[in-house]
Amino acid sequence: MQANIEDMPGMSFDCECGRKHSVDIGKLVIGSDNLDEIVEGLSAFRGEKLLVLMDKNTYGAFGEIVVKRLLDYGFQLKSFMFDTGDRMLLPDERSIGRALLEVEPDTTFILVAGSGVLSDIARIVSYRTGKRFAIVATAPSMDGYTSVGSSLIVGNTKTTIYSHYPCAIFADTSVMRNAPMIMIRAGFGDVIGKLTALADWNLTRIINNEYYCGTIAKLVQKGVGKCMESAEGLAARDERSIRCLIDALILTGLSIGLAGVSRPASGTEHQLAHYWEIKAVEKGEEHPLHGNSVGVGTVVTAMLYELASGILPEGIDYPKADFVKSLLEKVGAFTNPRDLGISRELFVESMMNAMNMKDKYTVLRYCAQKGKLEEFTDIITRELYN
Ligand SMILES: [Zn+2]
Ligand SMILES: [Zn+2]
């Protein structure tokens with residue numbers, strides 16, 4: 001599978017793993033200064049009524065320019081900008097309800113200019129109202145653009161609800177390179193997390209004979225590898241490095257749809273990040289950006305793998321904690337849960353309990369089964385919270 005990412009939409013093939021893999025997204029446009037491509041990519045919807053969703057930040061970043069260009073080209077649209085003041089926009093009932101009010105009986109298409117939260121809101125609203133939707137991505141902050149699920153906050157807890165794929169994703173590197181640095185760091189953390197996710201996938205293949213696809217694992221490894229090689233340029237917002245980051249995020253996001261399971265993109269590092277996120281949401285507190293937590297979770301998971309090296313089955317490739325740390329440091333990202341505001345107590349609790357949240361076998365469960373999780377957690381905690 002050597003395809004260029006932009007050629008992947010619509011692709012379908014029978015794989016050595018015994019499954020048929022397909023990419024059910026209509027269009028992927030990644031490039032620099034690609035406003036014209038956005039207009040062209042949406043031309044099929046020119047006669048229809050578009051709803052454009054943005055927030056104050058994404059309006060300034062790109063939304064305003066996109067809307068103006070679409071209007072110049074004769075598109076019929078209504079735009080809506082979320083304004084939450086100092087409050088962070090959350091993908092909760094309130095925002096979803098607000099967006100729903102903007103959908104009119106003759107709206108046929110929803111275009112969202114934004115990153116994770118906004119695209120999750122647009123994804124669920126478009127799905128439940130039977131409209132198609134497309135994303136103009138504004139930040140390389142997470143791998144969820146190509147997701148089929150919406151990550152939402154419902155009833156004060158985080159949950160993922162099945163929705164649908166966008167029919168098109170537009171990523172303009174000349175815009176996305178100007179995203180807040182914390183979002184670029186988060187995107188990089190989400191990519192680095194695949195190193196331990198792939199180790200977990202391999203571990204469960206060996207221990208539980210769980211479904212595994214070597215082709216997809218290699219594809220993810222390649223995308224992550226390219227992104228790691230160009231990490232240095234991210235801090236300087238070098239456009240080529242940003243492109244590698246976007247490619248890796250889109251590719252690893254697509255890998256979930258290809259595999260039909262989240263294994264290639266999420267393992268222990270995501271279990272830990274989700275645990276910290278859920279605990280914050282339950283208390284009504286803000287939590288760090290997903291990818292920032294995943295990056296730290298990757299360091300922790302690598303530490304756990306190193307401690308477990310003597311009891312692991314043969315053939316598990318896992319990253320060294322120092323290596324993960326050095327990568328994150330290249331972009332100025334956090335490497336310690338303490339710096340994310342995770343208390344020592346919460347950290348220990350997450351190490352012991354994160355494996356119970358979703359029925360997914362990872363190195364946490366493996367260590368628990370070997371009777372070693374408490375001991376390893378203790379060692380890691382003392383190192384991180386000294
Ligand atoms: Zn396969
Ligand atoms: Zn993630």
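Report follows, based on the coordinates.

Parameters at a glance
- Residues numbered from 1 in each chain as written.
- Chains lettered and ligands numbered in written order.
- Predicted model: local features only at pLDDT ≥ 70, side-chain atom pairs only at ≥ 80, totals over all residues.
- Heavy atoms only, no water.
- Donors = N, O, S within 2.8 Å, 3.2 Å for Na, K, Ca; no water.
- Tetrahedral: all angles 85-135°; square planar, octahedral: opposite > 155°, others 65-115°.
- Buried < 20%, exposed > 50% of the residue type's maximum accessible area, 1.4 Å probe, protein only.
- Phe/Tyr/Trp six-rings, centres within 6.5 Å; stacked < 30°, edge-to-face > 60°.
- Helix = DSSP H or I, 4+ residues; strand = E, 2+ residues; numbered from the N terminus.
- Lys NZ or Arg CZ within 6 Å of the ring centre and 35° of its normal.

Re the coordination of the zinc ion (ligand 1)
Stage number 1. Only Cys 15 (SG), Cys 17 (SG), His 21 (NE2) and Cys 213 (SG) from the protein reach the zinc ion (ligand 1) as donors, at distances of 2.1 to 2.3 Å.
Stage number 2. Coordination at the zinc ion (ligand 1) is tetrahedral, judged from the four donor atoms that bind it and the angles of 101 to 116 degrees they form at the metal.
Stage number 3. The exposure class assigned to His 21 is buried, which follows from its relative accessible area of 0%.

With respect to the packing of aromatic side chains
Stage number 1. Tallied over the entire structure, the rule returns seven aromatic pairs.
Stage number 2. Ring plane angle 25 degrees and centroid distance 4.0 Å describe the contact between Phe 45 and Phe 109, whose orientation is recorded as stacked. Pair noted here: Phe 45 is in the loop between helix H1 (35-41) and strand S4 (49-55) and Phe 109 is in strand S6 (residues 107-114), with a separation of 64 residues, a long-range link.
Stage number 3. Classification of Phe 109 by relative accessible area gives buried; the value is 0%.
Stage number 4. A ring pair is formed by Phe 80 and Phe 82, whose centres lie 5.1 Å apart and whose planes are at 75 degrees; its orientation type is edge-to-face.
Stage number 5. Take Phe 80: its relative accessible area is 11%, and that puts it in the buried class.
Stage number 6. When its relative accessible area of 6% is taken as the criterion, Phe 82 is described as buried.
Stage number 7. Here the aromatic cluster, defined as three or more aromatic residues joined through ring pairs, consists of Trp 201, Tyr 211 and Tyr 212.
Stage number 8. Above the face of the Tyr 211 ring, Arg 19 is positioned so that its terminal group lies 3.5 Å from the ring centre.
Stage number 9. The residue whose ring lies beneath Arg 205 is Tyr 212, and the NZ or CZ to ring-centre distance is 5.2 Å.

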